[in-house]
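So the chains spell out like this:
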Amino acid sequence: GAGVSQTPSNKVTEKGKYVELRCDPISGHTALYWYRQSLGQGPEFLIYFQGTGAADDSGLPNDRFFAVRPEGSVSTLKIQRTERGDSAVYLCASSLILPEYTGELFFGEGSRLTVL
Amino acid sequence: RKEVEQDPGPFNVPEGATVAFNCTYSNSASQSFFWYRQDCRKEPKLLMSVYSSGNEDGRFTAQLNRASQYISLLIRDSKLSDSATYLCVVTSGSNSGYALNFGKGTSLLVTP
């Protein structure tokens, strides 16, 4: 498909478990973003990659959260020792160039994480 | 203080009405501004960028006031299909990158 692909679409896990969420951006998009969105809230910035490197990870809430993008394409968001408060929709977005210039982030449909 | 503040609404308006949404941002270094639209249980999508001189796209008009750190979106002749959440988005202005910060969103319901 031509859009941003996120897997899994739904993940239910138990408190304390480890979770990985995957994002496959639009081919050729150099910038990749992770956000999380809770019910009734706007997307909350987590981390942004330009190529393989994390250009801004200031939104990661704590050291249980980590993200990688080793080859500059697919990215994985990793959450250790999950807590109930981590339950949210995790959104990935990509853009061709810095969105500061175009404004267009293309979002995936999100991965809904539920921590029991 | 949250970087981007919006009135969450909901705004309930009849078809054909004009409705305006407001947004304020706290970081005076922010350089770029946008409105995104998000339908229920869907991902956000770009509605329009906001330029300093103000800009219009059909029934939608966006305005920016840098001095007041204020952004607005005006929707004229509302359609049922305009029902959605409208997200105000501002770049962080950070030297370390260009995070896009989203407001909580303003919910609009257009009724027949």
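Our structure's up above, just so we're on the same page.
Residues numbered from 1 in each chain as written. Chains lettered and ligands numbered in written order. Predicted model: local features only at pLDDT ≥ 70, side-chain atom pairs only at ≥ 80, totals over all residues. Heavy atoms only, no water.

A. Representation of the overall build of chain A in the model. Check the secondary structure of chain A and you find 1 helix and 11 strands. Reading chain A from its N end, one meets helices and strands in the order β-β-β-β-β-β-β-β-β-α-β-β. For 116 residues, the compact-globule formula gives about 13 Å, and the C-alpha radius of gyration of chain A, at 13 Å, lands near that figure. Viewed in the frame of its principal axes, chain A has a C-alpha envelope of about 40 × 25 × 25 Å. Relative to its 116 residues, chain A shows a buried fraction of 47%. For chain A, the share of sequence-separated contacts (at least 6 apart) that also reach a separation of at least 24 residues comes to 54%. When the accessible surface of chain A is totalled, it reaches about 5,500 Å², and 48% of it is carbon and sulfur. Counting 11 positive and 13 negative side-chain charges, chain A places the centres of these two groups 9 Å from one another. (Helix = DSSP H or I, 4+ residues; strand = E, 2+ residues; numbered from the N terminus. Rg over C-alpha atoms; globule rule 2.2 N^0.38 Å. Buried < 20%, exposed > 50% of the residue type's maximum accessible area, 1.4 Å probe, protein only. Contact = heavy atoms within 4.5 Å. Areas by Shrake-Rupley, 256 points an atom, 1.4 Å probe, with all protein chains shown as cover. Lys, Arg positive; Asp, Glu negative; His and termini not counted. Charge placed at Lys NZ, Arg CZ, Asp CG, Glu CD.)

B. Looking closely at the pattern of salt bridges. Inspection of the entire model under this criterion finds 8 salt bridges over all chains. Between B:R37 and B:D39 there is a salt bridge, with the nearest N and O atoms lying 2.8 Å from each other. What makes B:D39 partly exposed here is its relative accessible area of 31%. Residues B:R76 and B:E56 are paired through a salt bridge, measuring 3.6 Å at the closest nitrogen-oxygen approach. Taken together, the positions of B:R76 in the loop between β8 (70-75) and β9 (84-91) and B:E56 in strand β6 (residues 55-57) put the pair 20 residues apart, joining distant regions of the chain. If you follow the salt bridges from partner to partner, you end up with A:R64, A:E83 and A:D86 in one network. (Salt bridge = Lys/Arg side-chain N within 4 Å of Asp/Glu carboxyl O.)

C. Region of interest: the interface of chain B and chain A. Taken together, the contact pairs 21 residues of chain B with 24 residues of chain A. Taken over both partners, the interface formed by chain B and chain A buries close to 1,800 Å², and the fraction arising from carbon and sulfur atoms is 52%. Across the chain B-chain A interface, the total number found is 0 salt bridges. Our enumeration of links across chain B and chain A arrives at 4 residue pairs in polar contact (both at pLDDT 80 or more). (Buried area = accessible area lost by both parts, 1.4 Å probe. Polar contact = N/O pair within 3.5 Å; in protein donor to acceptor, adjacent residues only side chain to side chain.)

D. Geometry of the pairing of strand β7 (residues 60-65) of chain B. All names here are of chain B. Both β6 and β7 contribute to a ladder of 3 bridges, which runs antiparallel. In the strand pairing of β7, E56 is matched with T61. Between β6 and the antiparallel strand that follows it, β7, lie 2 residues; G58 among them carries a positive phi value of about 65°. Examined bridge by bridge, β7 and β8 share 6 bridges and lie antiparallel to one another. Paired with T61 across the two strands is L74, which belongs to β8. (Pairing = 2+ DSSP bridges.)

E. Structural view of the nonpolar core. Within the largest apolar cluster, 23 residues are counted, with the highest numbers of intra-cluster contacts made by B:F21, B:W35, B:I71, B:L73, B:I75, B:Y86 and B:L108. Put simply, the parts of the chain that give this core at least two residues each are β3 (19-25), β4 (33-38), β5 (45-50), β7, β8, β9 and β11 (106-111) of chain B. Discounting residues that sit within four places of it in the chain, B:I75 has contacts with B:A17, B:T18, B:V19, B:F21, B:R59, B:F60, B:D82, B:Y86 and B:L108. Among the nonpolar cores identified, the runner-up in size contains 20 residues, and A:V19, A:W34, A:L46 and A:V115 belong to it. (Core = buried A, V, L, I, M, F, W, Y, C linked by side-chain atoms within 4.5 Å.)

F. Geometry of the pairing of strand β6 (residues 53-56) of chain A. Residue and element names in this part refer to chain A. With 3 bridges connecting them, strand β5 (residues 44-50) and β6 associate as antiparallel partners. In the sheet register, Y48 faces β6, and the bridge partner there is D56. Counting the residues that bridge the hairpin from β5 to β6 gives 2 residues, and of these G51 lies at a positive phi of roughly 70°.

G. Structural detail: the sheet that holds strand β8 (residues 75-79) of chain A. Residues and elements named next belong to chain A. Reading across from one edge, β1-β3-β8-β7 is the order of the 4 strands in this open sheet, with antiparallel pairing throughout. One side of each edge strand has no neighbouring strand; the edge strands of this open sheet are β1 (5-7) and β7 (65-68). When the angles between neighbouring strand axes are averaged without regard to direction, this sheet yields 15°. Bridge analysis of β1 against strand β3 (residues 19-24) gives 3 bridges, and the strand direction is antiparallel. Looking at the pairing, T7 lines up with R22 of β3. (Axes fitted to C-alpha atoms, helices over the stretch in contact; angles between N-to-C directions.)

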